[in-house]
Amino acid sequence: MTWQDEYSAKIMKSAALPSRELVRGEGCYVWDDTGAKYLDFLAGIAVNALGHAHPVLVDAVSRQIATVAHVSNYFANPPQLELAARLTRLTGGDRVYFCNSGAEAIEAAIKLARRTGRPRIIALNNSFHGRTMGSLSLTGKPALREPFEPLVPNVEHIDSTIEALERAIGPDVAAVVIEPIKGEAGVIDLPEGYLAAARDITARHGALLILDEIQTGAGRTGTWWAFQQAGIVPDAIAVAKGIGGGVPIGALVTFGAASDLFTAGQHGSTFGGNPLATAASNAVLGEIERAGLVDNAATRGEQLRAAIVGLPLVEEVRGRGLLIGVGLSDDVAPAVVARALELGLIINAPNDASIRLAPPLIIGDAEIAEFIDKFTAALTHVSEATA
Ligand SMILES: *Cc1c(COP(=O)(O)O)cnc(C)c1O
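Residues numbered from 1 in each chain as written. Predicted model: local features only at pLDDT ≥ 70, side-chain atom pairs only at ≥ 80, totals over all residues. Heavy atoms only, no water.

Enquirer: I'm lost on unusual backbone geometry in this one. Help?
Expert: If a residue is not glycine, its phi is most likely negative; likewise, a peptide bond is most likely trans. Here the residue pair E149 and P150 is connected by a cis peptide bond, since its omega of 5° sits within 30 degrees of zero. As for its position among the elements, P150 is in the loop between α7 (142–145) and β6 (155–158). Backbone geometry places K241, a non-glycine residue, at a positive phi of 35°. Along the chain, the position of K241 falls in the loop between β11 (236–239) and β12 (250–254). (Helix = DSSP H or I, 4+ residues; strand = E, 2+ residues; numbered from the N terminus.)

Enquirer: Help me understand the pattern of salt bridges in this model?
Expert: Between side chains of opposite charge, pairing is possible as soon as their charged atoms come close. A complete count under the given rule lists 17 salt bridges for this structure. Among the salt bridges present, the one from R86 reaches E82, with a minimum N-O distance of 3.0 Å. Placement of both R86 and E82 in helix α4 (residues 78–91) is noted, with a separation of four residues, approximately one turn of the helix. The buried category is assigned to R86, whose relative accessible area is 14%. Note that R356 is salt-bridged to E184, the shortest N-O span being 2.7 Å. Of the two residues, R356 is situated in strand β17 (residues 354–357) and E184 in the loop between β8 (181–182) and β9 (188–189); the sequence distance between them amounts to 172 residues. (Salt bridge = Lys/Arg side-chain N within 4 Å of Asp/Glu carboxyl O. Buried < 20%, exposed > 50% of the residue type's maximum accessible area, 1.4 Å probe, protein only.)

Enquirer: Please clarify how the domain arrangement of the protein chain should be interpreted in this entry.
Expert: The extent of an interface is frequently quoted as the accessible surface area lost upon association of the parts. Taken domain by domain, the protein chain comprises domain 1 (3–53 + 292–386) and domain 2 (56–290). Computed over C-alpha atoms only, the centres of domain 1 and domain 2 are separated by 25 Å. On the domain 2 side, the residues contacting the 28 residues of domain 1 number 30 residues. Here domain 1 meets domain 2 over a buried area of about 2,300 Å², counting both sides, of which 59% is carbon and sulfur. Taken as a group, V294, R320 and L323 account for 29% of the area that domain 1 buries against domain 2, more than any other trio of residues on that side. At the surface where domain 1 touches domain 2, the tally comes to one salt bridge. (Domains from an automatic or database assignment. Contact = heavy atoms within 4.5 Å. Buried area = accessible area lost by both parts, 1.4 Å probe.)

Enquirer: Where do I start with the packing of helix α12 (residues 333–342) against helix α13 (residues 365–386) in this structure?
Expert: Helix packing geometry: the angle between the two helix axes and the distance between the axes. The contact between α12 and α13 brings their axes to 9 Å, and the two run at 130°. As summarised for this structure, α12 and α13 are arranged oblique, according to the angle between their axes. α12 and α13 meet at a crossing whose hand is right-handed. In contact with A335, V336, R339 and A340 of α12, α13 contributes F375, A378, L379, H381 and V382. A per-class count over the contact of α12 with α13 returns seven nonpolar, one polar and one charged. (Axes fitted to C-alpha atoms, helices over the stretch in contact; angles between N-to-C directions. Parallel < 35°, antiparallel > 145°, perpendicular 65-115°, else oblique. Left-handed = near helix turned anticlockwise from the far one by under 90°. Nonpolar A, V, L, I, M, F, W, Y, C, P; charged D, E, K, R; others polar.)

Here it is, written out as structure tokens:
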């Protein structure tokens, strides 16, 4: 029986059959079950910030699991307190709620919004906030939502323009939830000045500004958090993905008065903030800081962008730092991804006309040179095949 047979027989049909089975990783590379090696420019969808099997993360997780892995939230634990201090320091926030995934961080944000006593929540068209019923309610993709309706009521999706937000806002709006860059939509930037305007509009109407930094956070866009490039202070940010470097963890960080909305017993999670996951996150964020990987994301991102502009089929390059969207002139992104895989390069197509790049933050000259080589070859192949 092949792994494909096993997968098709036993994995829930909610997932499509993958193209490869990966068995091992090291640095910016992974290997499949046939021994083929791949340069990983997706990093588990912006998760493996330190790449694969980074010794700092391996060591921290190994030491923590041999010390104490889980204690429940009836007990405090040192790695959790250390991570709360680290996240509030790095964000400028005041309090942290720990959970296990991005969707769970958004669920916490929805419950936080409910605590304002106001009924409505505004989210953006084409956004992605997760697949659980609450987070799906905010996700601005009707095709994902419709099979599961009815969802959480009083959620409205609007276009990503300042005028649309001005029209939709009112005294009954609890929160506006925004991705600083829409990752799943194909790495789509917000209009210039949008976050600053959203901060101003929500503040004027007493609504929370909640940012989904699940994909943009942990240094990926060239600052610790994408909101810092807009010079604003949000009321809350949802984080996950890169903060754990591959170990499941999520968090909601609140700022100012939003930090007092929950009272004891109103929210929780068995695994949330457990010592194993928080020790992993401390190691990842500590190493990002020690090794200067936020600056590396900014400079390597510029280097990549400059090298991608002008390649065959490339129409535009979007995003910031090491969250890059490549807009193609044709709906051939899946073919480019397939060809890249054959050439030993992992990239992703969030839609038919976009390639998403989210490599580990540790990439250097050698990985960039290899990427450009293989990406150019994949684009050239598909461009010639469709000409
Ligand atoms: C991945 C992602 C989520 C959902 O996170 P999960 O850990 O898959 O639940 C939510 N919002 C954004 C912007 C994401 O990229």
